[in-house]
Amino acid sequence: MYAQSLNQQVEGTTAPEDAEAAARFQARVDAEERIEPNDWMPAAYRRTLVRQISQHAHSEIVGMLPEGNWITRAPSLRRKAALIAKVQDECGHGMYLYAAAETLGVTREQLVDELLAGKAKYSSIFNYPTLTWADIGAIGWLVDGAAIMNQIPLCRCSFGPYSRAMIRVCKEESFHQRQGYEIMLTLARGTAAQKVMAQDALNRWWWPCLMMFGPPDAQSQHSDASTRWKIKRFSNDALRQKFVDATVPQAHFLGLTLPDPALRFNEATSHWEFGEIDWTEFKQVLAGNGPCNRDRMAARRAAHTSGDWVREAAQAYAAKERARSAAAAGAA
Ligand SMILES: [Fe+2]
Ligand SMILES: [Fe+2]
């Protein structure tokens, strides 16, 4: 339903008065003003944000699954407490983001329905399995590390509710990154078997993490408008390079080897150069053929169904509260 109203707005933007509104809007964006939900905005800007914020929210929620898998098997009480807290944070990130998307005129139910119907995307990284405890370290260090690279610039995104949500999210992500790195450090300095486990996790997560930044700039569909609207501040390739530059020395400190024979430091540019990314794998995972796509969606659908009674109870309670305050107002 919102798609229809968005299309009507798109047609509306060709009217002369909207050309003026669009110019005013762009001037505000250029002046680094925040756009708020009730402000005029181009229909395509609204659509881009609904798509991006909802995909981000879905990623936080689906992202709870690979790590949730290890809560019952964490090796100590301290690790279990930290992992529960982290997974709970990811749920909170999903909630802030659904709320930010709702300010654009969609409902959380619509967005969740799209996810469960398999129509909405979420980050491809969460379709990989967590085979050992070291994967929990690798996810915190690398996946949350990549998320931070992507999300810090979003704290300055032109859309107010998204930028504000990102400030808290980034603070929490930096805790996630550190707890992951500390798991890796413990394993890397542990027994030979633990070091092998850490290396194996790094080998499996490294390339999918580089894919998290999205397709190369030359093939990226959404970049131009997003950059002009100051939703996106850095290109996919620039963020990927920043991540590689920050992470390679961290891997060296752990005494681990990155699974890329082409990796070399370029003295002239001061950047780490890396090998070709297998974009066929990325496309396959996005198309639903990753190792865990089906499991992830089945788990989300089962969770939604088993939560039916909670939603019904909350609605029944809200209806009773409304009736009670209506009765009180009538009596007064
Ligand atoms: Fe998160
Ligand atoms: Fe996180």
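For the structure, see preceding data.
Only a predicted model underlies this, so the values are computations on that prediction, with no experimental measurement involved.

Draft legend 1. Inspection of the overall build of the chain at higher detail. The number of helices and strands found in the chain is 14 helices and 2 strands. Computed over its C-alpha atoms, the radius of gyration of the chain comes to 22 Å, within 12% of the 20 Å expected for a compact globule of 332 residues. Here the C-alpha coordinates of the chain stretch approximately 75 × 50 × 35 Å along the principal axes. In the chain, buried positions account for 46% of the 332 residues. Expressed as a percentage of contacts within the chain between residues at least 6 apart in sequence, the contacts between residues at least 24 apart total 79%. Carbon together with sulfur atoms contributes 57% to the accessible area of the chain, which is approximately 16,600 Å² in total. Here the chain contributes 38 positively and 37 negatively charged side chains, and the mean placements of these two sets differ by 4 Å.

Draft legend 2. Main features of helix 5 (residues 77-102). Helix length check: helix 5 (26 residues) gives 38 Å between terminal C-alpha atoms against 38 Å at 1.5 Å per residue, within 8%. For helix 5, every residue scored as buried is listed here: Arg79, Leu83, Lys86, Val87, Asp89, Glu90, His93, Gly94, Leu97, Tyr98, Ala100 and Ala101. Of the surrounding elements, those touching the buried residues of helix 5 are helix 3 (43-62), helix 4 (64-68), helix 6 (108-116), helix 7 (134-151) and helix 8 (160-188).

Draft legend 3. Looking closely at the coordination of the iron ion (ligand 1). The iron ion (ligand 1) binds to the protein through Glu60 (OE), Glu90 (OE), His93 (ND1) and Glu173 (OE); the donor distances cover 2.0 to 2.2 Å. In this structure, the iron ion (ligand 1) is coordinated by 4 donor atoms arranged in irregular fashion, with angles at the metal of 87 to 146°. Here the donor residues for the iron ion (ligand 1) map to a single chain with the spacing E-x29-E-x2-H-x79-E. Separation of the iron ion (ligand 1) from the iron ion (ligand 2) amounts to 3.4 Å, with glutamate 90 serving as a shared donor to the pair. Here the residue histidine 93 occupies a position in helix 5, and glutamate 173 occupies one in helix 8, the gap between them amounting to 80 residues. As far as the burial class goes, histidine 93 and glutamate 173 line up, both buried.

Draft legend 4. View of the coordination of the iron ion (ligand 2). Looking at the metal site, the iron ion (ligand 2) is ligated by Glu90 (OE), Asp144 (OD), Glu173 (OE) and His176 (ND1), spaced 1.9 to 2.2 Å from it. Taken together, the 4 donor atoms coordinating the iron ion (ligand 2) and their angles of 89 to 160° define a geometry best described as irregular. Each donor residue of the iron ion (ligand 2) belongs to the same chain, with the gaps between them written as E-x53-D-x28-E-x2-H. Residue class for aspartate 144 comes out buried when judged on its relative accessible area of 4%.

Calculation notes
- Residues numbered from 1 in each chain as written.
- Chains lettered and ligands numbered in written order.
- Predicted model: local features only at pLDDT ≥ 70, side-chain atom pairs only at ≥ 80, totals over all residues.
- Heavy atoms only, no water.
- Helix = DSSP H or I, 4+ residues; strand = E, 2+ residues; numbered from the N terminus.
- Rg over C-alpha atoms; globule rule 2.2 N^0.38 Å.
- Buried < 20%, exposed > 50% of the residue type's maximum accessible area, 1.4 Å probe, protein only.
- Contact = heavy atoms within 4.5 Å.
- Areas by Shrake-Rupley, 256 points an atom, 1.4 Å probe, with all protein chains shown as cover.
- Lys, Arg positive; Asp, Glu negative; His and termini not counted.
- Charge placed at Lys NZ, Arg CZ, Asp CG, Glu CD.
- Expected span 1.5 Å × (residues − 1).
- Donors = N, O, S within 2.8 Å, 3.2 Å for Na, K, Ca; no water.
- Tetrahedral: all angles 85-135°; square planar, octahedral: opposite > 155°, others 65-115°.

The values are spatial; any link to function lies outside them.
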